[in-house]
Amino acid sequence: MFCPNCGSELPENSAFCEKCGAALGHTAQSGPVLTQDPSLPEGIFRDGNGAYHWVYHLDMKRNPVPLLVLLKIMVYICGGMAVIIFFMTWLNHNTLAAAVKAFAIVFFGIGGFLVVIIWTAWLVVMKIHGGNYTVEHLMTEDRVEHLQTQEEIEQSKKVKTLVFVLGMLSDDPGAMGLAMGGQEELTSRYADVKKIIASPRHDLIKVNNVLQHNHIYAYPHQYKFVWNYLTSHCPNARVQG
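Thresholds, definitions, all that
Residues numbered from 1 in each chain as written. Predicted model: local features only at pLDDT ≥ 70, side-chain atom pairs only at ≥ 80, totals over all residues. Heavy atoms only, no water. Helix = DSSP H or I, 4+ residues; strand = E, 2+ residues; numbered from the N terminus. Expected span 1.5 Å × (residues − 1). Buried < 20%, exposed > 50% of the residue type's maximum accessible area, 1.4 Å probe, protein only. Core = buried A, V, L, I, M, F, W, Y, C linked by side-chain atoms within 4.5 Å. Contact = heavy atoms within 4.5 Å. Pairing = 2+ DSSP bridges. Axes fitted to C-alpha atoms, helices over the stretch in contact; angles between N-to-C directions.

## Quick word on helix H5 (residues 220-233)
Each α-helix turn comprises 3.6 residues. Residues three or four places apart therefore point the same way. Taking 1.5 Å per residue, 14 residues should reach 20 Å; H5 reaches 21 Å between its end C-alpha atoms and fits that length. Of all the residues in H5, the buried ones are Gln 222, Tyr 223, Val 226, Trp 227, Tyr 229 and Leu 230.

Shown next as structure tokens:
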């Protein structure tokens with residue numbers, strides 16, 4: 001099938017155009033019809049049940065949020081390990097210089113190596129995805145969902161295969177488990193949300209509960225509508241931003 005708006009070729013039964021974001025008048029199989037309500041920001045569509053749908057195209061070069069998250073996690077892990085090594089060395093050798101040296105080796109040595117690995121992996125992932133990641137969002141009265149398009153699911157399979165092979169070659173069961181257990185979608189029920197964080201510079205709203213961090217993207221002209229809807233529907237959430 002082809003998009004009537006931009007003419008791009010798309011998988012059959014697509015709900016949105018993965019290139020221009022236009023709604024195609026239906027969802028997969030016999031899903032509800034999507035319409036553009038004049039009262040809604042452009043690009044946000046409503047179905048017959050009142051749920052909101054929209055597509056966001058993430059430029060992985062200009063808006064590398066997943067990379068920043070990985071680097072942040074790496075800093076926390078290496079920083080924690082380095083602090084532990086610092087105090088263990090200080091207690092064992094009773095010299096500040098030796099403790100500082102041990103801290104530097106762990107934090108800057110191991111940390112620097114991991115930065116190179118993460119950056120290289122990010123470049124490979126960008127290459128596989130063609131520099132863009134397309135995400136679909138569904139927002140209802142009780143939940144918000146971060147969904148992958150069918151094309152992104154196929155691309156993710158390639159990434160998982162790559163990570164799994166690298167895990168086998170490096171004898172890293174953690175990488176193998178990550179490849180086998182990755183998710184194509186995340187659902188946040190409003191009653192479970194503990195914190196909502198605004199990051200308009202990245203077109204991002206973080207919807208977090210105890211065990212899950214969900215990333216909801218919206219273009220600048222859509223951002224206020226999505227933000228107001230989420231903050232007004234999450235009664236237990238602490239709002240930041």
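## Comments concerning the nonpolar core
Ranked by size, the top nonpolar core spans 20 residues in total, and within it Trp 54, Met 139, Ile 196, Ile 205, Val 226 and Leu 230 carry the most contacts. Elements with a minimum of two residues in this core: strand S2 (52-59), strand S7 (204-208) and H5. Examining the composition of this core, we find that five residues originate from one element, H5, more than from any other. For Leu 230, the residues in contact, after removing those within four places along its chain, are Met 139, Val 144, Tyr 190, Ile 196, Ile 205 and Val 207. Membership of the second largest hydrophobic core comes to 14 residues, among which are Leu 58, Val 65, Leu 67 and Leu 204.

## Let's talk about the sheet that holds S7
Read across the sheet, four strands follow the order S8-S7-S6-S9 without closing on themselves; strand pairing throughout is mixed. Looking at the sheet topology across the chains shown, the edges are occupied by strand S8 (213-217) and strand S9 (238-240). The average undirected angle you get between the axes of adjacent strands in this sheet is 15°. Sheet strands touched by H5: strand S6 (195-199), S7, S8 and S9. Its angle to S6, the strand with the most contacts, is close to 165°.

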